[in-house]
Amino acid sequence: MKILVTGAKGFIAKNLIAELRNRKYTDIFEFDRETDITQLEEFCKDTDFVFHLAGVNRPKESSEFMEGNFGFTSQLLEILKKHNNKCPVMISSSIQAKLENPYGESKKAGEDLLFSYCKETEARVLVYRLPNVFGKWCKPNYNSAVATFCHNIARELPVQVNDPSIKMNLVYIDDLVNELINALEGNEYKEDMFCIVPIVHSITLGEIVELIYSFKQSREDRSVPNMSDDFTRKLYSTYLSYLPENQFSYDLKMNIDHRGSFTEFLKTPDRGQVSVNISKPGITKGNHWHHSKNEKFLVVSGNGVIRFRRIDSEEIIEYFVSCDKMVVIDVPTGYTHNIENYGDKDMVTIMWANESFDPNKPDTYYLEV
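What comes next concerns the included structure. Not measured: the values here are computed from a predicted model.

**What to know about the sheet that holds strand β19 (residues 335–341)**
Now for step 1: Judged by pairing direction, the sheet is antiparallel, and its five strands sit side by side in the order β17-β16-β19-β14-β21 without closing on themselves. Since the sheet does not close on itself, it has two edges, and those belong to β17 (317–322) and β21 (365–366), each with one partner.

Shown next, in the form of structure tokens:
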């Protein structure tokens, strides 16, 4: 299948083209404002499907809205008719097509033109009235508040929110791309005349900004956002894509002594925390027990032994552990336990606890195994 994508260097098109290639669509004609118009003639002769994503969002003059959003659409359809190519045509419109402003009127004109083209040629047309779209590769300080917020907060620049209570309807770029490829394959989601993306998130501007600031803070407190919330997960992925390239890494606090080190890696409000424990050769750590806190140990480098003793028993239980075989050891409540490095190099253990450490309620009691 040969696919024509207009506006090929734009936010939506770049994500769409990348996923089309992932799905083994290889004949993709890319057209943007820098492409010679004569190439459009060649593309329209052979294409089997058109994703018409080109448009004008922020022109210098309002008259450019109609020229870009209606005029170019007209030109594209005329070339298809010239070559008697009745392939399906998808167009990205906007919910603002309902509004009486220059942008909305130009989008509505483009819609009407496509519906007329459908009646004239009987070609299949797909008109998507999109709400705000967010995700990676969207240009900040242009036409996406989410992109601007992510870009600025990642760089400690101010963000301006005039009314935090304003409700936004948002579509995530991956959901949009998935729907567009469904449309390509004849499985579009349609309501009346228009096609829609079935997954839309409604959230206020204030809540968006608060979430993005929490993502920035998560590096300081080693927390993980609530990934069970679909919108939070998508927004966090979007935020990371706006990090400055010299800020992909961040330091952790290593608690170091003669025995080795202990470093908290991640904390969650509902799934506990993950830490990294390094023990020097011959060193034993632990010798404590918990009422309710439980842990999992995984040795990923070195060799050692983990010992347990129920606090009301004299019997010692031993589990020998090694990086040569990945084995997870559960640490039950009511058992005092320790871990000893009996190798000749540092032993590294990944530790998970079912709750984040609370210094006011550590639930940790010293007792030799």
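**Examining the pattern of salt bridges**
Now for step 1: This model, assessed by the stated rule, comprises 24 salt bridges.
Now for step 2: Two residues, Asp330 and Lys296, come together in a salt bridge whose shortest N-O distance is 2.8 Å. Of this pair, Asp330 sits in strand β18 (residues 328–331) while Lys296 sits in strand β15 (residues 295–301), placing them 34 residues apart in sequence.
Now for step 3: The partly exposed category is assigned to Asp330, whose relative accessible area is 45%.
Now for step 4: For Lys296, a relative accessible area of 33% puts it in the partly exposed group.

**Some thoughts on the packing of aromatic side chains**
Now for step 1: With the rule as written, the count across this model stands at eleven aromatic pairs.
Now for step 2: A centroid spacing of 5.2 Å and a plane angle of 45 degrees characterise the contact between Phe134 and Tyr172, whose relative ring orientation is tilted. Of the two residues, Phe134 sits in strand β6 (residues 132–134) while Tyr172 sits in strand β7 (residues 167–172), which places them 38 residues apart along the sequence. For the pair Phe134 and Tyr172, a shared accessibility class is recorded, and that class is buried.
Now for step 3: The ring of Trp137 carries the charged tip of Lys136 above its face, separated from the ring centre by 4.8 Å.
Now for step 4: A cation over a ring is seen here: Lys139 above Tyr142, with NZ or CZ 4.8 Å from the ring centre.

**Describing the side chain of Thr47**
Now for step 1: Tracing the backbone shows Thr47 in the loop between α2 (37–46) and β3 (49–52).
Now for step 2: A distance of 3.1 Å separates the side chain of Thr47 from the backbone nitrogen of Leu4, its partner in a polar contact.
Now for step 3: Residues in contact with Thr47, not counting those within four places in the same chain, are Lys2, Ile3, Leu4, Phe29, Leu80, Asn85 and Cys87.

**Overview of the nonpolar core**
Now for step 1: Judged by nonpolar contacts, the single largest core of 53 residues is most densely connected at Ile12, Leu20, Phe51, Leu176, Ile208 and Leu235.
Now for step 2: Of the residues forming this core, the biggest block, seven residues, is contributed by helix α6 (residues 173–184).
Now for step 3: Here Ile12 is in contact with Leu53, Leu130, Val133, Ile173, Leu176 and Leu180, once residues within four sequence places are set aside.
Now for step 4: Formed by 22 residues, the second largest nonpolar core is a distinct cluster that contains Cys44, Phe72, Phe115 and Ala123.

**Focus on the environment of Phe31**
Now for step 1: The topology assignment puts Phe31 in strand β2 (residues 27–31).
Now for step 2: With 13 residues separating them along the chain, Phe31 and Ala18 place their C-alpha atoms 15 Å apart.
Now for step 3: If we skip the residues at most four places from it in the chain, Phe31 touches Leu4, Val5, Thr6, Gly7, Ala8, Asp36, Ile37, Leu40, Phe43 and Phe72.

**Things to note about unusual backbone geometry**
Now for step 1: Of note, Asn84 is a non-glycine position whose phi angle comes to about 55 degrees, a positive value.
Now for step 2: Structurally, Asn84 is set in the loop between α3 (63–82) and β4 (89–94).
Now for step 3: Asn84 sits in the exposed class, given a relative accessible area of 57%.
Now for step 4: Even without a glycine there, the phi angle at Glu156 is positive, about 55 degrees.
Now for step 5: Relative to the helices and strands, Glu156 is located in the loop between α5 (145–154) and β7.

**Some words on the side chain of Ser93**
Now for step 1: With respect to the helices and strands, Ser93 occurs in strand β4.
Now for step 2: A distance of 2.5 Å separates a polar atom in the side chain of Ser93 from a polar atom in the side chain of Glu111.
Now for step 3: With sequence-adjacent residues up to four places away left out, Ser93 is seen in contact with Lys107, Glu111, Val127, Tyr128, Arg129 and Leu130.

**A look at the sheet that holds β15**
Now for step 1: Taken in spatial order, the six strands line up as β11-β12-β13-β20-β15-β18 in an open sheet, and their pairing is antiparallel. Of all the strands in the sheet, the pair left with one neighbour each is β11 (254–257) and β18. Looking at each pair of strands side by side, their axes are set apart by 20 degrees on average, direction ignored.
Now for step 2: Direction of pairing for β15 relative to β18: antiparallel, over a ladder of four bridges. Across the sheet, Lys296 pairs through a bridge with Asp330, a residue of β18.

Definitions and cut-offs
Residues numbered from 1 in each chain as written. Predicted model: local features only at pLDDT ≥ 70, side-chain atom pairs only at ≥ 80, totals over all residues. Heavy atoms only, no water. Pairing = 2+ DSSP bridges. Helix = DSSP H or I, 4+ residues; strand = E, 2+ residues; numbered from the N terminus. Salt bridge = Lys/Arg side-chain N within 4 Å of Asp/Glu carboxyl O. Buried < 20%, exposed > 50% of the residue type's maximum accessible area, 1.4 Å probe, protein only. Phe/Tyr/Trp six-rings, centres within 6.5 Å; stacked < 30°, edge-to-face > 60°. Lys NZ or Arg CZ within 6 Å of the ring centre and 35° of its normal. Polar contact = N/O pair within 3.5 Å; in protein donor to acceptor, adjacent residues only side chain to side chain. Contact = heavy atoms within 4.5 Å. Core = buried A, V, L, I, M, F, W, Y, C linked by side-chain atoms within 4.5 Å. Axes fitted to C-alpha atoms, helices over the stretch in contact; angles between N-to-C directions.

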